[in-house]
Amino acid sequence: MSGNKSNGVRYGMVIDLDKCTGCMACSVACQQENNVSFREDETDKLRSITWLEVFYLDNGKPYPEHRRAYMPRPCLHCDSSHHPYPYPPCTFVCPVNATHRDEETGLVNHIPVRCIGCRYCISACSYHARYFNWWDPKWPEPMEKMLTPDVSTRMRGVVEKCTMCVHRLQLAKERAFMEGRRELHEGEYVPACVEACPARAMTFGNLLDPHSEVATLARGPHAFRLLERLATEPKVYYLSTQKWIRKLADNVM
Amino acid sequence: MKLDRRAFVKLIAGGVGGTLLSPLPWKMADDTAIWSQNWFWRPSPERGGATTANTVCQLCPGGCGVRVRLIEEKRAVNIDGNPSHPVNQGGICPLGAAGLQYLYGPSRIETPLQQTGKRGDLETLKAISWDEALEILAIKLRGMRQKARGLVCVSGKREGTLPELFARFLHAYGSPNYNVMPAAADAESVGLLVSQGNSSPLGYDLENSKLVISFGSGYIEGWGAPNRMMMAFGHWRSNPKRDRSKIIQVETRGSLSASKADEWVAVAPGTEAALALGLAQVIVSEGRYDRTFVGQYTHGFDEFRGLLRRNYTPEEVAAITGVEKEKIIGLAREFAGTKPAVALSGWGQGRMQGSMYDFLAVQSLNALVGSLHKPGGVTRTPQVPLAPWPKVVLDATSLTGENEPRLDGSKGPQFPLPAQLFHNLVKNINEGNPYPAEMLWVYEANPAHDLADVQPFLEALNKIGTLVSFSSFMDETTQLADLVLPGPTYLERLEDAPIPPGLQYAVFSLSQPMLSPRFETRHPGDVLIQLANSLGGNVGASFPWSDYETALMERVKGLADVGRGQVADEPGLQPWKDGQGLQLAPNYDSFDDLWEKLTEHGCWFDTSEAMPSWESAFTTPSRKFEFYSQKMREVGIKGNELIYLPHFKPVELAGDPRDYPLLLMPYETMVITNGPVANPPCITNTLFDFQLKGNDSFVEVNPKTAAKMGLKEGDRVALQTERGTLEVRVHLTEAARPAVVFIPTGLGHSGFDSYIKGKGVNANMILVAQQDQVTGLASWWGTRVKISKV
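Keep in mind it's a predicted model, so treat the numbers as computed, not measured. (Residues numbered from 1 in each chain as written. Chains lettered and ligands numbered in written order. Predicted model: local features only at pLDDT ≥ 70, side-chain atom pairs only at ≥ 80, totals over all residues. Heavy atoms only, no water.)

1. Here's the deal with the overall build of chain A
Check the secondary structure of chain A and you find seven helices and ten strands. For 253 residues, the compact-globule formula gives about 18 Å, and the C-alpha radius of gyration of chain A, at 18 Å, lands near that figure. Looking at the 253 residues of chain A, the share that counts as buried comes to 58%. A separation of at least 24 residues holds for 63% of the contacts in chain A among residues at least 6 apart in sequence. A total of about 10,800 Å² of accessible surface is found on chain A, and carbon and sulfur atoms cover 53% of it. Of the charged side chains in chain A, 32 are positive and 30 negative; the average position of the first set lies 4 Å away from that of the second. (Helix = DSSP H or I, 4+ residues; strand = E, 2+ residues; numbered from the N terminus. Rg over C-alpha atoms; globule rule 2.2 N^0.38 Å. Buried < 20%, exposed > 50% of the residue type's maximum accessible area, 1.4 Å probe, protein only. Contact = heavy atoms within 4.5 Å. Areas by Shrake-Rupley, 256 points an atom, 1.4 Å probe, with all protein chains shown as cover. Lys, Arg positive; Asp, Glu negative; His and termini not counted. Charge placed at Lys NZ, Arg CZ, Asp CG, Glu CD.)

Structure follows, in structure tokens:
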């Protein structure tokens with residue numbers, strides 16, 4: 001864990017790739033939860049928007065030693081704290097402060113209405129976690145009815161990305177406040193993807209709480225993060241007992 | 001003051017510098033961005049009070065509990081898993097999570113439709129009122145009552161009160177021709193009938209298994225109840241290392257299930273059953289079988305042992321399957337030495353059908369190690385004690401109809417075993433043999449796209465007088481219909497969801513309307529009741545209810561009457577944990593209370609029905625598990641001794657290998673739906689661009705095979721089988737076995753909406769189904785193919 005100042009809350013996620021069945025429920029639940037728009041052709045991956053993208057990995061061995069794995073990738077909410085610029089790569093480059101890390105939660109947010117669409121953050125992000133709205137979002141007429149009021153729709157010309165369903169955090173905080181609490185219980189706030197996962201491969205919680213499940217798992221012997229050598233300090237950890245997967249995670253070929 | 005050049009430059013430079021130092025340009029750039037982005041056409045979701053309600057997903061037979069988030073009880077904005085439902089415990093699959101894209105999808109049908117021109121012409125498919133639609137249908141049905149047997153029905157669902165109502169209507173009307181879409185369950189039920197004496201579907205106690213060996217089942221790719229299986233997988237992987245359940249996948253393709261298993265055993269195409277028999281041979285010859293079970297509760301073990309010794313020694317099985325001899329012996333020892341261990345059958349998602357013998361080979365492995373009706377093994381799905389409806393009222397016509405031969409020839413002299421033979425039905429309709437099909441009802445099924453080897457079915461439609469579709473969506477079958485009677489979606493209607501496939505305890509779930517129907521749709525149950533009443537006579541008398549709700553409640557009363565089970569109302573229920581036979585104190589006190597709680601929580605479950613004892617489980621002539629089937633002899637199946645025993649017979653695939661040198665095998669994945677509905681946009685988004693790119697779908701080819709043919713990644717090729725040709729692109733992957741081409745099913749729709757229409761090709765167009773001569777069942781897992789660059 002990096003030494004950012006905080007009041008003891010650093011939300012993070014652990015994704016167990018041994019348990020992940022590659023069903024894509026996380027990705028679909030995310031799209032529903034966050035009003036992510038779609039177009040008639042969703043196969044152009046340079047143009048489509050997928051906050052939680054599932055990557056395909058394989059061990060490169062011939063049949064029948066071939067093995068594949070799927071790796072869900074939300075925004076990793078980097079916790080990098082390099083002196084003297086303690087910012088995630090994307091927030092560091094944003095010229096209009098449209099994206100920044102909330103030091104109370106560690107979540108990296110993105111405010112579409114502030115975004116000027118320069119896409120500097122997209123090139124800065126080491127994980128392809130950011131997406132650009134090349135067109136105005138358009139839902140076929142009746143489908144606008146299913147848009148949730150919790151998340152605004154975005155517009156043409158701005159960047160968007162995973163927020164760890166920060167609106168759920170707001171809601172959980174408000175509920176706790178109504179009950180006279182300032183602290184949230186473990187599991188009171190989880191993003192839609194974690195809630196959806198049928199194999200229970202995803203765990204979410206406060207990484208700074210040493211007793212939380214997420215912190216326990218992140219300390220485990222099979223835990224790793226993507227491209228760790230970049231020192232971006234992602235708050236999304238992966239677990240895998242497979243060596244080839246762990247190798248791929250750091251691009252060590 | 002004189003403004004000289006120097007002062008002027010200073011002023012300008014100072015002005016520029018000052019402006020840049022001020023926040024003004026940045027503020028203005030930001031404001032311009034905001035202003036230029038907030039156009040009125042960007043949708044702004046209406047706000048309002050949010051509530052959640054529980055219901056049950058009906059998009060597949062998995063029967064998962066879901067929660068729907070509603071705004072002002074008018075708009076549904078989200079679906080997630082219901083943590084209190086024991087089947088999925090809060091998890092949800094991608095299809096379930098995308099449910100709202102069906103509710104609000106652009107391919108919904110808004111009113112009843114009548115084809116006024118040529119079949120398939122969408123321009124002449126005219127909206128009519130419900131009164132008109134029912135009148136048209138009633139007149140037709142009255143007119144053909146003397147030819148009542150010519151009414152054929154295909155249901156997309158196997159279980160539940162709605163399919164039962166359709167079957168009931170046909171029975172009362174006088175037709176024996178009720179069918180469901182074909183699946184591996186057809187072969188399984190025949191296999192159970194000949195080996196155990198009854199066809200009650202199987203329940204697997206997987207959560208308690210220590211070793212699972214899956215013979216081609218896509219156990220995390222939609223086999224059984226998908227969420228339950230993925231949850232079980234997560235559970236296996238959560239156990240501490242020493243106690244970890246192991247899973248072995250036997251499959252030709254390097255699927256996700258194969259990759260995620262602890263071990264993948266790659267077998268030659270279609271030889272899973274041979275491997276199972278090879279394992280059985282080792283277990284028997286090394287004396288590793290369960291002596292109590294085999295000795296006391298099986299029949300024909302000596303014949304089976306003799307057959308194994310003659311034909312399935314490790315050497316011979318190694319030659320058939322391509323699996324090393326040592327591996328076969330090792331697998332057999334591991335399977336027999338781990339308790340409890342269980343073997344799974346049914347390829348892919350369970351839609352792909354192997355033969356009855358493929359099922360029997362796997363099931364005899366379960367029998368050998370004594371895993372039948374044991375914790376951690378395989379048993380029968382318990383019965384849900386629903387109250388029966390009153391008997392169907394029969395008149396002279398329907399009495400005649402009862403005794404008519406079925407159009408598909410099942411239960412007939414040639415094929416006495418199976419309950420249905422869908423591909424035979426298609427063939428017989430085409431031949432008008434033994435009588436013509438006058439009218440076809442399609443209830444929430446899409447055979448015009450989903451049926452493997454679909455072309456003969458499309459031809460058969462020309463022989464059918466009237467095609468009536470009960471679909472909610474403009475699918476391929478509905479486009480061809482003469483009359484469309486659209487139902488509300490599962491989020492707008494009351495319906496039961498019976499036990500999900502493969503579950504080991506009893507569950508009864510209830511979906512209820514989350515919103516009032518969006519369109520002029522009518523509940524198919526209500527439509528049938530109204531139709532029966534307008535026909536009157538014995539048909540009307542067989543439907544004595546005012547509406548579907550009354551009919552359903554009458555059945556659910558059975559649950560309250562037996563006073564068993566509980567309504568699932570708290571998160572974290574794990575009914576499989578304490579095993580079967582556990583009596584739960586009911587948490588309801590009357591039927592009204594039960595109904596109210598069911599409506600609120602959506603699920604009743606029960607663990608009190610224990611697994612049957614070995615003394616009582618088998619209803620075969622010998623009252624034992626029959627390796628050697630006397631039942632088959634009893635029903636008059638004649639042939640050599642081999643046909644009464646589990647054995648492996650290579651399927652003769654369609655096509656001359658000289659013309660069609662490669663093998664084409666279909667595969668199923670979680671992210672391409674194969675059911676009556678097509679992929680919604682947000683699932684298509686999750687497809688990789690080597691599965692679908694633009695409108696091109698890809699087939700998987702091994703790089704070595706591709707190199708021999710001069711094919712590169714992404715090349716456009718023609719796939720040609722005896723049935724026809726499809727144009728696809730090639731994706732090179734080591735997951736594909738050399739000389740086999742793998743094609744995904746579920747793409748290539750010509751119906752539905754612009755988000756899925758025209759994307760990829762429909763594999764069913766060129767697959768050729770092969771008929772098994774003993775059971776009459778068709779299998780379509782492989783077809784010979786020629787691949788050429790275009």
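2. Looking at the pairing of strand 16 (residues 466–469) of chain B
Residues and elements named next belong to chain B. A two-sided burial pattern is seen for strand 16, the buried positions comprising T466 and V468 on one face and L467 and S469 on the other. Two elements, strand 15 (residues 439–443) and strand 16, share four bridges in a ladder whose sense is parallel. Paired with M439 across the strands is T466, a residue of strand 16. Pairing of strand 16 with strand 17 (residues 483–484), which is carried by two bridges, proceeds in the parallel orientation. Bridging across to strand 17, S469 finds its partner in V484. (Pairing = 2+ DSSP bridges.)

3. Here's the deal with the interface of chain B and chain A
Taken residue by residue, the interface counts 81 residues in chain B and 72 residues in chain A. In this assembly, chain B packs against chain A so that about 6,200 Å² is buried in total across both faces, 56% of it on carbon and sulfur atoms. Taken together, the links from chain B to chain A amount to two salt bridges. Summed over the shared surface of chain B and chain A, the result is 25 residue pairs in polar contact (both at pLDDT 80 or more). Per-element accounting of the side of chain B that touches chain A gives the leading share, seven residues, to helix 8 (residues 226–238) of chain B. Split by residue class, the side of chain B that touches chain A holds 39 nonpolar, 23 polar and 19 charged. (Buried area = accessible area lost by both parts, 1.4 Å probe. Salt bridge = Lys/Arg side-chain N within 4 Å of Asp/Glu carboxyl O. Polar contact = N/O pair within 3.5 Å; in protein donor to acceptor, adjacent residues only side chain to side chain. Nonpolar A, V, L, I, M, F, W, Y, C, P; charged D, E, K, R; others polar.)

4. Quick word on the domain arrangement of chain B
Residue and element names in this part refer to chain B. As assigned here, chain B comprises domain 1 (5–37), domain 2 (113–181 + 389–490 + 528–594), domain 3 (202–380) and domain 4 (662–789). The C-alpha centroid of domain 4 is placed 28 Å from the C-alpha centroid of domain 3. Domain 3 puts 25 residues into the contact, and the matching count from domain 4 is 21 residues. Interface of domain 3 and domain 4: buried area, both sides summed, is about 1,900 Å²; carbon and sulfur atoms make up 62% of it. Contact with domain 4 buries surface across domain 3, with R253, M352 and Q353 losing the most and accounting together for 34% of the total. Linking domain 3 with domain 4 are one salt bridge. (Domains from an automatic or database assignment.)

5. Thoughts on the side chain of D358 of chain B
All names here are of chain B. As for its position among the elements, D358 is in helix 15 (residues 356–368). An unpaired buried charge is present at D358: no salt bridge exists, and K649, the closest side chain of opposite charge, is 11 Å distant. Residues in contact with D358, not counting those within four places in the same chain, are A273 and W347.

6. Description of the sheet that holds strand 5 (residues 125–127) of chain B
Residues and elements named next belong to chain B. The sheet built from seven strands is open, its strands ordered 5-4-17-16-15-6-7 with mixed pairing. Each end of this open sheet is capped by a strand with a single partner; those strands are strand 5 and strand 7 (177–180). Examined bridge by bridge, strand 4 (residues 113–115) and strand 17 share two bridges and lie antiparallel to one another. Directly across from L113, in strand 17, lies its bridge partner V484. Docked against the sheet, helix 5 (residues 130–143) engages strand 4, strand 6 (151–155), strand 15, strand 16 and strand 17, running at close to 135° with respect to strand 15. (Axes fitted to C-alpha atoms, helices over the stretch in contact; angles between N-to-C directions.)

7. Here we look at the pattern of salt bridges
Pairing is possible between side chains of opposite charge, provided their charged atoms come close. The full count for this structure, using the stated rule, is 48 salt bridges over all chains. Linking D250 of chain A and R229 of chain A is a salt bridge whose minimum nitrogen-to-oxygen distance equals 3.4 Å. Residue D250 of chain A is found in the segment after helix 7 (243–249), and its partner R229 of chain A is found in the loop between strand 9 (223–224) and strand 10 (236–239); the two are separated by 21 residues along the sequence. Since its relative accessible area comes to 56%, R229 of chain A is described here as exposed. R237 of chain B serves as the salt-bridge partner of D262 of chain B, at 3.4 Å between the closest nitrogen and oxygen. Of the two residues, D262 of chain B is situated in the loop between helix 9 (256–260) and strand 11 (263–266) and R237 of chain B in helix 8; the sequence distance between them amounts to 25 residues. Given a relative accessible area of 39%, D262 of chain B falls into the partly exposed group. A relative accessible area of 7% places R237 of chain B in the buried class.

8. Examining the pairing of strand 9 (residues 211–215) of chain B
Regular strands place their side chains on alternate faces of the sheet. Residue and element names in this part refer to chain B. Among the five residues that make up strand 9, five are buried, leaving the element largely enclosed by the rest of the structure. Taking every second residue as pointing to the same face, both faces of strand 9 are buried, with L211, I213 and F215 on one and V212 and S214 on the other. Of the strand pairs in this sheet, strand 9 and strand 13 (residues 341–344) are connected by four bridges, and their pairing is parallel. For S214, the partnering residue across the bridge sits in strand 13 and is L344. Across five bridges, strand 9 lies against strand 10 (residues 246–251) in parallel orientation. Among the inter-strand pairings, L211 is bridged to a residue of strand 10, identified as K246. Read as a crossover between parallel neighbours, the route from strand 9 over helix 8 to strand 10 is right-handed. (Right-handed = clockwise from strand over helix to strand, strands pointing away.)

9. Focus: the sheet that holds strand 2 (residues 65–71) of chain B
Residues and elements named next belong to chain B. If you walk across this open sheet you meet the three strands as 1-2-3, and the pairing is antiparallel. The outermost strands of the open sheet, each flanked by one partner alone, are strand 1 (50–56) and strand 3 (75–81). On average, each strand axis in the sheet is tilted by 30° relative to the strand beside it, whichever way the strands run. Pairing of strand 2 with strand 3 involves six bridges; the strand directions are antiparallel. Bridge pairing in strand 3 places L70 opposite A76.

10. Quick notes on the environment of K161 of chain A
All names here are of chain A. Tracing the backbone through its elements, the reader meets K161 in strand 7 (residues 159–161). In this structure the C-alpha to C-alpha distance between K161 and L239, which are 78 residues apart in sequence, comes to 23 Å. What K161 contacts, discounting residues up to four positions off in sequence, is W51, C75, H77, V108, N109, H110, A129 and R130. Polar side-chain contacts of K161 include one of 2.6 Å to the backbone oxygen of V108.

11. What about the packing of aromatic side chains?
All names here are of chain B. As enumerated under the stated definition, the model contains 39 aromatic pairs over all chains in all. The interplanar angle of 40° and the centroid separation of 5.1 Å between the aromatic rings of F169 and W441 together place this pair among those described as tilted. One end of the pair, F169, is in helix 6 (residues 161–173); the other, W441, is in strand 15, and 272 residues separate them in sequence. Ring geometry for F591 versus W595: centroids 6.0 Å apart, planes at 35°, classification tilted. Here W595 and F591 lie together in helix 24 (residues 591–601), a separation of four residues that amounts to about one turn. What makes F591 buried here is its relative accessible area of 13%. With a relative accessible area of 10%, W595 lands in the buried category. An aromatic cluster of three or more residues is present, and its members are F166, F169, Y173, W389, W441, Y443, F470, F543 and W545. Its guanidinium or amino end placed over the ring of Y667, R253 lies 3.5 Å from that ring's centre, counting from NZ or CZ. (Phe/Tyr/Trp six-rings, centres within 6.5 Å; stacked < 30°, edge-to-face > 60°. Lys NZ or Arg CZ within 6 Å of the ring centre and 35° of its normal.)

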